[in-house]
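So you can see what is in the structure, the chains are spelled out below.
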Amino acid sequence: MFPSLPLTPSSVMMRSVLLRRFTSNILSCSRGSCRLTGRITHGVQPHSPGQTPIQQSFRGPLIPKITALVGYSDSSANKYTMIYTLPHIKLLRAVSRLKLLQTAITGVILPPVYILYLQGDIPLSLVSYATGLALFAAVMLYTASHFFRRIVGMMYLDPSQTTLKVSHLTFWGRRHDIYLPVSDVMTIGDTGDSVNETIVKLKRFSSPQTLYFSTHFGRVVDKQAFEKVFGT
């Protein structure tokens, strides 16, 4: 037990002041309105009136995210309408890839044939035959790819009818899309061809590159949009 201290008027007054302050703090905390004195701890910010903590935490980064989503939806809404298709483009793609496979096989066979010839195991006629076959396959691959790359598989027109999307094959037999302004595309009359011809040229004013399509083997899906680009 602590020894009792003598009570003086000043000590009694100090105790009463401290007791009054302690009681008022307890009452304010019990009512849900505790106030912290001094500096606010790091990372804690007071909430602005009329805003919840969730609104304050997302107020900054939420706006650019919404803008990005709106831009993505606008770009995805810009759909193209098919105006021409060539059903045989799948067959041409298969032949193109088959020529690639044939050329690769003949290229792999040549080194062992030369090694066997140097060892004296095979005659010169077999080496000449294998070399000729490989050269023929390479020439056929170049010729076929040169022709297949210029065949139009599909054509699309945007909703504003100002951009033409043209799909054709690449050297590897894959699909490649190019976008052309309709004003830059020559009509069939400008190219000197006729609609009744089997193969028609697709030419541009700004480029010497020429592609080919056929209204005989292909199918015009949207005649009105087709005539908008290539004329009647």
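What you see is a predicted model, and the numbers here were worked out from it, not measured in a lab.

Applying the stated criterion across every chain yields a total of 2 salt bridges. Ionic pairing is found between K201 and D193, a salt bridge with its closest N-O pair at 2.9 Å. A relative accessible area of 23% places K201 in the partly exposed class.

Both strand β5 (residues 200-203) and strand β6 (residues 210-213) contribute to a ladder of 4 bridges, which runs antiparallel. Looking at β6, one finds that V200 is bridged to F213. The hairpin formed by β5 and β6 contains 6 residues between the paired strands.

Let us now look at helix α4 (residues 89-118). If you check α4, its first and last C-alpha atoms are 45 Å apart, about what 30 residues at 1.5 Å a residue would give, namely 44 Å. When α4 is considered as a whole, its buried residues turn out to be I89, L92, S96, K99, L100, T103, T106, L110 and V113. On the buried face of α4, the contacting elements are α5 (124-148), β2 (152-157) and β3 (163-169). Directly after α4, the chain includes G120, whose backbone phi takes a positive value near 80 degrees.

Below, the discussion takes up the packing of α4 against α5. As a packed pair, α4 and α5 sit with axes 9 Å apart at the nearest point and diverge in direction by 155 degrees. Looking at the two axes, α4 sits roughly antiparallel to α5. Judged by the twist between their axes, the crossing of α4 over α5 is left-handed. Across the interface between the two elements, L92, V95, S96, K99, L100, Q102, T103, T106, L110, V113, Y114 and Y117 from α4 touch L124, V127, A130, T131, L133, A134, A137, A138, M140, L141 and F148 from α5. Taken together, the residues of the contact of α4 with α5 break down into 17 nonpolar, 5 polar and 1 charged.

Rules behind the numbers
Residues numbered from 1 in each chain as written. Predicted model: local features only at pLDDT ≥ 70, side-chain atom pairs only at ≥ 80, totals over all residues. Heavy atoms only, no water. Salt bridge = Lys/Arg side-chain N within 4 Å of Asp/Glu carboxyl O. Buried < 20%, exposed > 50% of the residue type's maximum accessible area, 1.4 Å probe, protein only. Pairing = 2+ DSSP bridges. Helix = DSSP H or I, 4+ residues; strand = E, 2+ residues; numbered from the N terminus. Expected span 1.5 Å × (residues − 1). Contact = heavy atoms within 4.5 Å. Axes fitted to C-alpha atoms, helices over the stretch in contact; angles between N-to-C directions. Parallel < 35°, antiparallel > 145°, perpendicular 65-115°, else oblique. Left-handed = near helix turned anticlockwise from the far one by under 90°. Nonpolar A, V, L, I, M, F, W, Y, C, P; charged D, E, K, R; others polar.

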